[in-house]
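So the chains spell out like this:
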Amino acid sequence: MSLLDTLLDPENCENIDLYGPDGEDVSFEQIAVIPLEGTIWFILHPVVPIGNMQEDQALVFYIEEEDEDRLILCEEADMISKVFDIYYQMLAESQAQEE
């Protein structure tokens, strides 16, 4: 199963293991999949905080078009904000439906 298939599998509850630039294995909990502007974005939370990250922070990744097994860390502040805005909207709608 490719990384993309794993990320898009609604039944998958396992952590996603990625390798950092130094080759270190980093485990992530998948928080959300956000389709936006023709790209699928993934919000991932490191199981163990990375560097100076706070416990409640997550990262935004996307799949490189040429290689479905390679996630790219998004570093564009505007796009990260858009992805999280949509995530918070989805979360609010989900909570409203539960009430």
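Above this note sits the structure.
To keep things clear, this report deals only with the structure shown in the data block.

Thresholds applied
- Residues numbered from 1 in each chain as written.
- Predicted model: local features only at pLDDT ≥ 70, side-chain atom pairs only at ≥ 80, totals over all residues.
- Heavy atoms only, no water.
- Helix = DSSP H or I, 4+ residues; strand = E, 2+ residues; numbered from the N terminus.
- Rg over C-alpha atoms; globule rule 2.2 N^0.38 Å.
- Buried < 20%, exposed > 50% of the residue type's maximum accessible area, 1.4 Å probe, protein only.
- Contact = heavy atoms within 4.5 Å.
- Areas by Shrake-Rupley, 256 points an atom, 1.4 Å probe, with all protein chains shown as cover.
- Expected span 1.5 Å × (residues − 1).
- Pairing = 2+ DSSP bridges.
- Core = buried A, V, L, I, M, F, W, Y, C linked by side-chain atoms within 4.5 Å.
- Polar contact = N/O pair within 3.5 Å; in protein donor to acceptor, adjacent residues only side chain to side chain.

**Focus: the overall build of the protein**
Then step 1. Within the protein, the secondary structure is distributed over 2 helices and 5 strands.
Then step 2. Listed N to C, the secondary structure of the protein is α-β-β-β-β-β-α in terms of helices and strands.
Then step 3. Expected size for 99 residues packed as a compact globule is a radius of gyration near 13 Å; at 14 Å, the protein falls within 12% of this value.
Then step 4. Based on the C-alpha atoms only, the size of the protein along its principal axes is roughly 45 × 30 × 30 Å.
Then step 5. Burial analysis of the protein (99 residues in total) assigns 30% to the buried set.
Then step 6. Of the contacts made within the protein by residues no fewer than 6 positions apart, 34% connect residues no fewer than 24 positions apart.
Then step 7. Just so you have it, the protein exposes about 7000 Å², and 47% of that area is on carbon and sulfur atoms.

**Re helix H2 (residues 77–98)**
Then step 1. Over its 22 residues, H2 runs 32 Å from end to end, which matches the ideal 32 Å to within 8%, given 1.5 Å per residue.
Then step 2. Here the buried face of H2 lies against strand S2 (25–36), strand S3 (39–46) and strand S4 (59–64).

**What about the pairing of S2?**
Then step 1. For strand S1 (residues 16–19) and S2, the ladder comprises 4 bridges, and the chain directions are antiparallel. Counted as the bridge partner of Asp17 is Ser27 from S2.
Then step 2. Between S1 and S2, which follow one another and run antiparallel, lie 5 residues, and Gly23 among them has a positive phi close to 85°.
Then step 3. From the end of S2 to the start of S3, which pair antiparallel, there are 2 residues, and Glu37 there has a positive phi angle of about 55°.

**So, the nonpolar core**
Then step 1. Ranked by internal contacts, the top residues of the largest apolar core, which has 14 residues, are Leu7, Leu18, Phe28, Phe42, Leu44, Phe61 and Leu71.
Then step 2. Listed by contribution, the elements that provide at least two residues to this core are helix H1 (3–8), S1, S2, S3 and S4.

**Quick look at the environment of Thr6**
Then step 1. Take Thr6: it is sitting in helix H1.
Then step 2. Residues Thr6 and Ala92, 86 residues apart in the sequence, show an inter-C-alpha distance of 26 Å.
Then step 3. Non-local contacts of Thr6, meaning those with residues more than four positions away in its chain, are made with Met1, Asn12, Ile16 and Gln30.

**Overview of the side chain of His45**
Then step 1. Tracing the chain through its elements places His45 in strand S3.
Then step 2. One polar contact links the side chain of His45 to the main-chain carbonyl oxygen of Glu55, over a distance of 2.7 Å.
Then step 3. Those residues in contact with His45, other than ones at most four positions away along the chain, are Ser27, Phe28, Glu29, Ile31, Glu55, Gln57 and Ala58.

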